[in-house]
Amino acid sequence: MKRISDINPLGEERPNPSDKERKKLQRERWQRERDEGYQKLVELCYFGEYDMAQQLANRHFKWGYEVVDGIVMERIN
């Protein structure tokens, strides 16, 4: 690990990703967040917390899931 005094703030230590790489990283992060959200909803339903799962699904509408009769389903627009 470098000492702070040895780091050049204008240096080339970390390259900036291209726009294509940024979009790819953003899509991967979005998919990972969506998958983790699905897992949370499934676990809540497994424990019988259907109302809590529905509230979480409504709060995170962008995940694209809803809880119907205790089952996590993709939201149909």
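Residues numbered from 1 in each chain as written. Predicted model: local features only at pLDDT ≥ 70, side-chain atom pairs only at ≥ 80, totals over all residues. Heavy atoms only, no water.

> Tell me about the side chain of arginine 75, and please be specific about residues and values.
By secondary structure assignment, the location of arginine 75 is in the segment after β2 (71–74). This buried residue, arginine 75, is left without a salt bridge; glutamate 66 holds the nearest opposite charge, at 4.2 Å. Within the structure, the side chain of arginine 75 is placed 2.6 Å from the backbone oxygen of tyrosine 65, a separation counted as a polar contact. The contact partners of arginine 75, leaving out residues within four places of it in the chain, are Ala57, Asn58, Phe61, Gly64, Tyr65 and Glu66. (Helix = DSSP H or I, 4+ residues; strand = E, 2+ residues; numbered from the N terminus. Buried < 20%, exposed > 50% of the residue type's maximum accessible area, 1.4 Å probe, protein only. Lys, Arg positive; Asp, Glu negative; His and termini not counted. Salt bridge = Lys/Arg side-chain N within 4 Å of Asp/Glu carboxyl O. Polar contact = N/O pair within 3.5 Å; in protein donor to acceptor, adjacent residues only side chain to side chain. Contact = heavy atoms within 4.5 Å.)

> With reference to specific residues and values, describe helix α2 (residues 50–59).
What α2 keeps buried is the set Ala53, Leu56 and Ala57. Around the axis of α2, the buried residues are gathered within 100° of arc, so they sit on the same side. Of the exposed residues in α2, those oriented more than 90 degrees away from the buried face are Asp51 and Arg59. The inward-facing, buried residues of α2 abut α1 (19–46) and β1 (65–68). (Arc of directions from axis to C-beta.)

> Break down the nonpolar core for me, with residues and values.
In terms of nonpolar packing, the biggest core is built from 10 residues, these being Leu41, Leu44, Cys45, Ala53, Leu56, Ala57, Trp63, Tyr65, Val67 and Val72. Mapped onto this core, the elements with two or more residues apiece are α1, α2 and β1. Apart from the residues lying within four places of it in its own chain, the contact partners of tryptophan 63 are Trp30, Glu33, Arg34, Gly37, Leu41 and Leu56. (Core = buried A, V, L, I, M, F, W, Y, C linked by side-chain atoms within 4.5 Å.)

> Run through the packing of aromatic side chains, naming residues and quoting values.
Scanning the model with the defined rule gives two aromatic pairs in all. Summarising the aromatic geometry, the rings of tyrosine 38 and tyrosine 65 are spaced 5.1 Å apart at their centres and angled 50° between planes, so their arrangement reads as tilted. Linking tyrosine 38 in helix α1 with tyrosine 65 in strand β1, this pair joins segments that are 27 residues apart in sequence. Given the relative accessible area of 7%, tyrosine 65 is considered buried. On the numbers, 5.3 Å between centres and 75° between planes, the contact of tyrosine 46 with phenylalanine 47 is edge-to-face. Like phenylalanine 47, tyrosine 46 is exposed. (Phe/Tyr/Trp six-rings, centres within 6.5 Å; stacked < 30°, edge-to-face > 60°.)

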